[in-house]
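Summary of the model geometry
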Amino acid sequence: MLLDADDSQLVLVDYQTRLMPSIFEGNLVMANAVKLARIAKLLDVPVWGTEENPDSLGATVPEIHAAIQAAGGKTMDKMFFSAVADGLGDLLRPPVRKAPAGGNARSLPKHLQKAAPEPEEGRSTIVIAGCEAHVCLMQTALDLLEEEFEVWVVTDACSSRSERNRDAAFDRLAGNGAELVTTEMVAFEWLRTAEHEAFKDVLGLVK
């Protein structure tokens, strides 16, 4: 059971300027978040960011904000601790395509009627990292599991103000069906082979 870059989306949760100085191993966590966004860009994996109450906690730290933007990603503001409660699930799923107006008129002979397009399945695997691990990251991940996404939590890009809270979040997430991985696991599973055209560029980011 390996990650598939073609079925993945990356979500980076609440790496905010007034929060990160108090986060355990915050600099390492932010560095890995930047790596994830840059790797996602190289491999055409969509990237999303979230900001919890930015008027209070500040904007996303500049390095991560720049990496999300460089990957063509977007950042959503939220007030709920779970980004799903503020609409993240809708962003992660493409809208269902509708048949063109008049294209399927029942009055047409059957041989002239066009089949209704199948709904787009989209990318169902969510690779997620963020802060705080035991609050916004965990609540978002659990709600994504409830929404029937596959959720992979990048442990070395997540943290809380205390190590105890971070580890408790990982235990609870694993017990509820999330896969726990590291930044390098994500990188090499997305690549799958040293013959991938982006291999050298990705290797340069993780080494």
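This section reports on the structure supplied with the text.

What counts and what doesn't
Sequence order as written defines the numbering, with residues in each chain counted from 1. In keeping with the predicted nature of the model, local features appear solely for residues at pLDDT of at least 70, side-chain atom pairs appear and are counted solely at 80 or more, and the whole-chain, interface and lining totals rest on all residues. Remark: hydrogens and water are excluded; side-chain values derive from all non-hydrogen atoms of the structure. We count a stretch as a helix when DSSP gives it H or I for four or more residues in a row; a strand needs E for two or more, and each element gets its number in order from the N terminus. We call a residue buried when its accessible area falls under 20% of the maximum for its residue type, exposed when it is over 50%, and partly exposed in between, using a 1.4 Å probe and counting protein chains only. Note on pairing: two strands pair once DSSP finds at least 2 bridges between them. To get an axis, a line is fitted to the C-alpha atoms, and for a helix only the part in contact is used. The angle between two axes follows their N-to-C directions and goes from 0 to 180 degrees. We call a crossover right-handed when, viewed with the strands running away from us, the connection from the first strand over the helix to the second turns clockwise.

**Quick look at the environment of Glu197**
- Mapped onto the fold, Glu197 is located in the loop between α7 (183–191) and α8 (199–206).
- Looking at Glu197, the relative accessible area reads 77%, which means it is exposed.
- Once the C-alpha coordinates of Glu197 and Leu42 are considered, the two residues, 155 residues apart in sequence, prove to be 9.6 Å apart.

**Considering the sheet that holds strand β2 (residues 47–52)**
- Sheet architecture is open: 6 strands sit in the order β3-β2-β1-β4-β5-β6, paired in parallel fashion. The sheet is open, and its two edges are formed by β3 (74–78) and β6 (179–181), each paired on a single side. For this sheet, the mean inter-axis angle between neighbouring strands, taken without regard to orientation, is 25 degrees.
- The pairing of β2 with β3 spans 5 bridges and is parallel. The partner of Thr50 across the bridge, within β3, is Met76.

**A look at unusual backbone geometry**
- Cis geometry is found at the peptide bond from Cys131 to Glu132, where omega equals -20 degrees.
- Structurally, Glu132 is set in the loop between β4 (125–130) and α5 (133–146).
- Positive phi values are uncommon outside glycine, yet Glu148 reaches one of about 70 degrees.
- Tracing the backbone through its elements, the reader meets Glu148 in the loop between α5 and β5 (150–154).

**Description of the pairing of β4**
- In terms of burial, β4 is a largely internal element, 6 of the 6 residues being buried.
- Of the two faces of β4, the one holding Thr125, Val127 and Ala129 and the one holding Ile126, Ile128 and Gly130 are both buried throughout.
- Pairing of strand β1 (residues 8–13) with β4 involves 6 bridges; the strand directions are parallel. Note on β4: the bridge partner recorded for Gln9 is Ile126.
- Each parallel crossover has a hand, and for β4 linked through α5 to β5 it is right-handed.

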